[in-house]
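Now for the letters of each chain:
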Amino acid sequence: MKHVANPEELQHLLHGVANASTRQALQAQHPGLVAAAQQLLEDYNFDGIKLVLPTTLFDARYELNLDSTEVHLIYVGPCHQIGDTIVHVPKEGVVFAGDVLFRLCTPMGWWEHTKSGFVVST
């Protein structure tokens, strides 16, 4: 997480884009990055966010009991990030998949996807 989700890096980028001279220098080298950062700047404020690393790590599955509610964390593999995980609450019949699940399209895939055997049927 500290390598791919560090809010300090986003804060640094957004403050740089907000500064006219820094934005101009970035625009010359990375116009797409400037466009993405300007959109983030309009919608989000990452100031004051502190990264808190997990205290428990798991390889494939981790099961929790939260106030008598069974919750399964399932690592699905590198999808968009290296730690993509879905959350399954069996009693409620709910899966929180975020942007790991795609409908009516085929996402970009890597070899790890085909080895995992993870399949969602509709």
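All of these numbers come straight from a predicted model, not from anything done at the bench.

All right, on to the overall build of the protein chain then. The number of helices and strands found in the protein chain is four helices and four strands. If you list the helices and strands of the protein chain from N to C, you get α-α-α-β-β-β-β-α. Residues classed as buried in the protein chain amount to 19% of the 122 residues present. By sequence separation, contacts in the protein chain at least 24 residues apart represent 31% of the contacts at least 6 residues apart. When the accessible area of the protein chain is evaluated, it comes to approximately 9,600 Å², of which 56% is carbon and sulfur surface.

An order of S1-S2-S3-S4 is seen for the four strands of this open sheet, with the pairing classed as antiparallel. Edge positions in the sheet fall to strand S1 (61-66) and strand S4 (94-96), since each has one partner strand and no second. Looking at each pair of strands side by side, their axes are set apart by 20° on average, direction ignored. Across six bridges, S1 lies against strand S2 (residues 69-75) in antiparallel orientation. Residue leucine 66 lies in a different strand from S2, and its bridge partner there is threonine 69.

The rules behind the values
- Residues numbered from 1 in each chain as written.
- Predicted model: local features only at pLDDT ≥ 70, side-chain atom pairs only at ≥ 80, totals over all residues.
- Heavy atoms only, no water.
- Helix = DSSP H or I, 4+ residues; strand = E, 2+ residues; numbered from the N terminus.
- Buried < 20%, exposed > 50% of the residue type's maximum accessible area, 1.4 Å probe, protein only.
- Contact = heavy atoms within 4.5 Å.
- Areas by Shrake-Rupley, 256 points an atom, 1.4 Å probe, with all protein chains shown as cover.
- Pairing = 2+ DSSP bridges.
- Axes fitted to C-alpha atoms, helices over the stretch in contact; angles between N-to-C directions.

Purely spatial values, then, with no claim about function.
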